[in-house]
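One-letter residues, chain by chain:
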Amino acid sequence: MSNETYFNHPIFGLLYRVCILDDNQELFTTLYAQRLFFLVKMIPNNTVFEPVSRSDARLLVEKRLRNLHRLGLIQEYKDFQAMYRQTFP
């Protein structure tokens with residue numbers, strides 16, 4: 001997951017994309033503290049930011065890990081697991 005993506009939020013400043021969760025959902029965190037997480041939903045003509053707790057963010061990532069494992073996407077699973085370990089030590 002070497003593709004870094006940033007988003008400038010009007011209140012929280014620069015956000016860093018942790019991962020893509022689904023076709024229209026991505027998980028972002030504040031760039032420096034990495035304590036505030038946001039579920040960003042891309043819908044036609046709108047982008048919705050939903051703040052989520054650290055534990056909820058962890059659960060979302062764990063759910064994605066289970067889905068990748070179930071689908072047999074081994075390389076993507078390994079990459080995602082490395083990101084998980086780095087973000088949620």
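Residues numbered from 1 in each chain as written. Predicted model: local features only at pLDDT ≥ 70, side-chain atom pairs only at ≥ 80, totals over all residues. Heavy atoms only, no water.

Asker: What exactly am I supposed to notice about the confidence of the model for the protein chain here?
Answerer: Low pLDDT means the predicted atomic positions in that stretch should not be read closely. In this model, the protein chain carries an average pLDDT of 88, and 98% of its residues clear a pLDDT of 70 or more. Looking over the protein chain, one finds the lowest element-wise mean pLDDT in strand β1 (residues 6-9), namely 84, and the highest in helix α1 (residues 54-71), namely 94. (pLDDT = per-residue confidence, 0-100. Helix = DSSP H or I, 4+ residues; strand = E, 2+ residues; numbered from the N terminus.)

Asker: Would you explain α1 in this entry?
Answerer: One full turn of an α-helix is made of 3.6 residues, so residues set three or four places apart face in the same direction. Given a rise of 1.5 Å per residue, 18 residues ought to cover 26 Å, and the 26 Å separating the end C-alpha atoms of α1 matches this to within 8%. Here α1 has its buried residues at A57, V61, L65 and L68. Taken end-on, α1 shows its buried residues confined to a sector of 80°, consistent with a single buried face. In α1, those exposed residues whose orientation departs by more than 90 degrees from the buried face are L59 and R70. On the buried face of α1, the contacting elements are β2 (13-22), β3 (25-30), β4 (37-43), β5 (46-52) and α2 (74-87). In the segment just after α1, G72 is the residue with positive phi, at about 75°. (Expected span 1.5 Å × (residues − 1). Buried < 20%, exposed > 50% of the residue type's maximum accessible area, 1.4 Å probe, protein only. Arc of directions from axis to C-beta. Contact = heavy atoms within 4.5 Å.)

Asker: Just checking my understanding: could you explain the pattern of salt bridges for this structure?
Answerer: As a working rule, side chains carrying opposite charge can pair if their charged atoms are close by. For the structure shown, the criterion picks out three salt bridges. Across the pair E50 and K41 runs a salt bridge, and its minimum N-O distance is 3.2 Å. Residue E50 is classed as partly exposed on the basis of its relative accessible area, which comes to 33%. Between E76 and R64 there is a salt bridge whose closest N-O contact spans 3.2 Å. Within this pair, whereas E76 is found in helix α2, its partner R64 is found in helix α1, the two being separated by twelve residues in sequence. (Salt bridge = Lys/Arg side-chain N within 4 Å of Asp/Glu carboxyl O.)

Asker: Please clarify how the packing of α1 against α2 should be interpreted in this entry.
Answerer: In a pair of packed helices, the angle between the axes and the distance between the axes together describe the arrangement. Close contact between α1 and α2 brings their axes to 9 Å; oriented N to C, the two are set at 165°. Comparing the axis directions of α1 and α2 gives the class roughly antiparallel. The crossing of α1 and α2 is left-handed. Of the residues in α2, those touching α1 at R54, R58, V61, E62, R64, L65, L68 and H69 are E76, Y77, F80, Q81, M83, Y84 and T87. Class assignment for the residues of the contact of α1 with α2 results in seven nonpolar, three polar and five charged. (Axes fitted to C-alpha atoms, helices over the stretch in contact; angles between N-to-C directions. Parallel < 35°, antiparallel > 145°, perpendicular 65-115°, else oblique. Left-handed = near helix turned anticlockwise from the far one by under 90°. Nonpolar A, V, L, I, M, F, W, Y, C, P; charged D, E, K, R; others polar.)

Asker: I would appreciate a short explanation of the packing of aromatic side chains in the present structure.
Answerer: How two aromatic rings sit relative to each other is given by the distance of their centres and the angle of their planes. In the structure shown here, the tally under the stated rule is seven aromatic pairs. Arranged with centres 5.0 Å apart and planes meeting at 50°, the rings of F12 and F38 form a pair that is tilted. Of this pair, F12 sits in the loop between β1 and β2 while F38 sits in strand β4, placing them 26 residues apart in sequence. The exposure class assigned to F12 is partly exposed, which follows from its relative accessible area of 39%. Residues Y84 and F88 carry aromatic rings whose centres are separated by 5.7 Å and whose planes lie at 45° to one another, so their mutual orientation is tilted. (Phe/Tyr/Trp six-rings, centres within 6.5 Å; stacked < 30°, edge-to-face > 60°.)

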